[in-house]
Amino acid sequence: VAVADDASAVYYNISGISQINEMAITATYSKYIAGISDSYIAAVYPVFKVGTFGVGWINLASELYSENTFILGYSYALDKDIYIGIGAKMFMKSYGTNEWTVLNPIFAKTTAMGFGVDLSLFSKITDNICVGASAENINQPDVSLASADTVPAVYRLGLKYNIMKDWIFTLEGDYRNSEVKVLGGTEYWVDTKFLNPIGIKDSNIGFRGGFG
């Protein structure tokens, strides 16, 4: 939440996309042994003097169940070091059918939908220190088939420190459902000039680690 400097900020902290000064796209896909897939794609587009817009899609799917989250976000720079953001989410989930669900009255309908709202803030305190904060799903939308199934509100507060030009450290606290998580991470980028002789130029390798 305190880094938010690429298109993945559509998910982690929508206010941070104001740091991006040209169109950017990111995508990931994972397939797990249990037959579950996890996908994410986001794009950011800055509009001069108007703000920066972002869209994203998250999908979690298995043979009998799938979740889709569609995100539309907007970020505005209050000045060169303080950004605010607002995001709207549409949550959709659907269940497949088998011999058991056909007999269960809970699955009289197999799809549900809800809408959530996010608010966020990003600030550059100094050249080496940034802070980020977000309040996600603040309206706690109900995405239920029968009994209530609310998406919990999540509150995040984070700090990023640039140890060196290409080395950062971040610390974050998350609050959800009366549960507090403390997370930390570091990222270090290596200039790969040693690969120039074999024709690989202007490249970098990044190393990341985290704890919680």
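Scope of this entry: the structure provided in the associated data block. (Residues numbered from 1 in each chain as written. Predicted model: local features only at pLDDT ≥ 70, side-chain atom pairs only at ≥ 80, totals over all residues. Heavy atoms only, no water.)

According to the stated counting rule, one finds eight aromatic pairs in the structure shown. Here the aromatic rings of Tyr11 and Tyr12 are separated by 5.0 Å at their centres, their planes lie at 85°, and the arrangement is edge-to-face. Given the relative accessible area of 33%, Tyr11 is considered partly exposed. The exposure class assigned to Tyr12 is partly exposed, which follows from its relative accessible area of 46%. (Phe/Tyr/Trp six-rings, centres within 6.5 Å; stacked < 30°, edge-to-face > 60°. Buried < 20%, exposed > 50% of the residue type's maximum accessible area, 1.4 Å probe, protein only.)

Now for the pairing of strand β2 (residues 37–47). Pairing geometry for strand β1 (residues 24–31) and β2, over eight bridges, is antiparallel. By the bridge assignment for β2, Ala24 is matched with Val44. Between the antiparallel neighbours β1 and β2 lie five residues, among them Gly35 with a positive phi of about 85°. Once β2 ends, the chain turns through three residues before running back antiparallel as strand β3 (residues 51–61), passing Lys49 with a positive phi of about 65°. (Pairing = 2+ DSSP bridges. Helix = DSSP H or I, 4+ residues; strand = E, 2+ residues; numbered from the N terminus.)

The next thing to look at is the environment of Leu72. Along the chain, Leu72 turns up in strand β4 (residues 65–79). For Leu72 and Val10, which are 62 residues apart along the polypeptide, the C-alpha to C-alpha distance reads 8.0 Å. Here Leu72 is in contact with Gly54, Val55, Ile86, Gly87 and Ala88, once residues within four sequence places are set aside. (Contact = heavy atoms within 4.5 Å.)

What follows concerns the pattern of salt bridges. By the definition in use, this model includes eight salt bridges. With a shortest N-O distance of 2.7 Å, Arg156 and Glu136 are connected by a salt bridge. Of the two residues, Arg156 sits in strand β8 (residues 154–164) while Glu136 sits in strand β7 (residues 129–136), which places them 20 residues apart along the sequence. Per residue, the accessibility class of Arg156 equals that of Glu136, and both read buried. (Salt bridge = Lys/Arg side-chain N within 4 Å of Asp/Glu carboxyl O.)

Before going further, it helps to spend a moment on the sheet that holds strand β9 (residues 167–176). Across the sheet, 11 strands lie side by side as β1-β2-β3-β4-β5-β6-β7-β8-β9-β10-β11; this open sheet has antiparallel pairing. Here the strands that pair on one side only, and so sit at the sheet edges, are β1 and β11 (204–211). The sheet shows a mean angle of 15° between the axes of neighbouring strands, taken without regard to direction. Note: strand β5 (residues 82–95) against strand β6 (residues 111–124), 13 bridges, orientation antiparallel. Across the sheet, residue Met92 finds its bridge partner in β6, namely Met113. (Axes fitted to C-alpha atoms, helices over the stretch in contact; angles between N-to-C directions.)

Val10, Ile17, Tyr40, Val44 and Phe122 are the most contacted members of the largest nonpolar core, which has 15 residues in total. Sorting the residues of this core by element identifies α1 (9–12) and β2 as the ones contributing at least two each. In terms of residue count, β2 provides more of this core than any other element does, three residues in total. Core analysis: the second largest hydrophobic core is formed by six residues, Phe91, Phe107, Val143 and Val151 among them. (Core = buried A, V, L, I, M, F, W, Y, C linked by side-chain atoms within 4.5 Å.)

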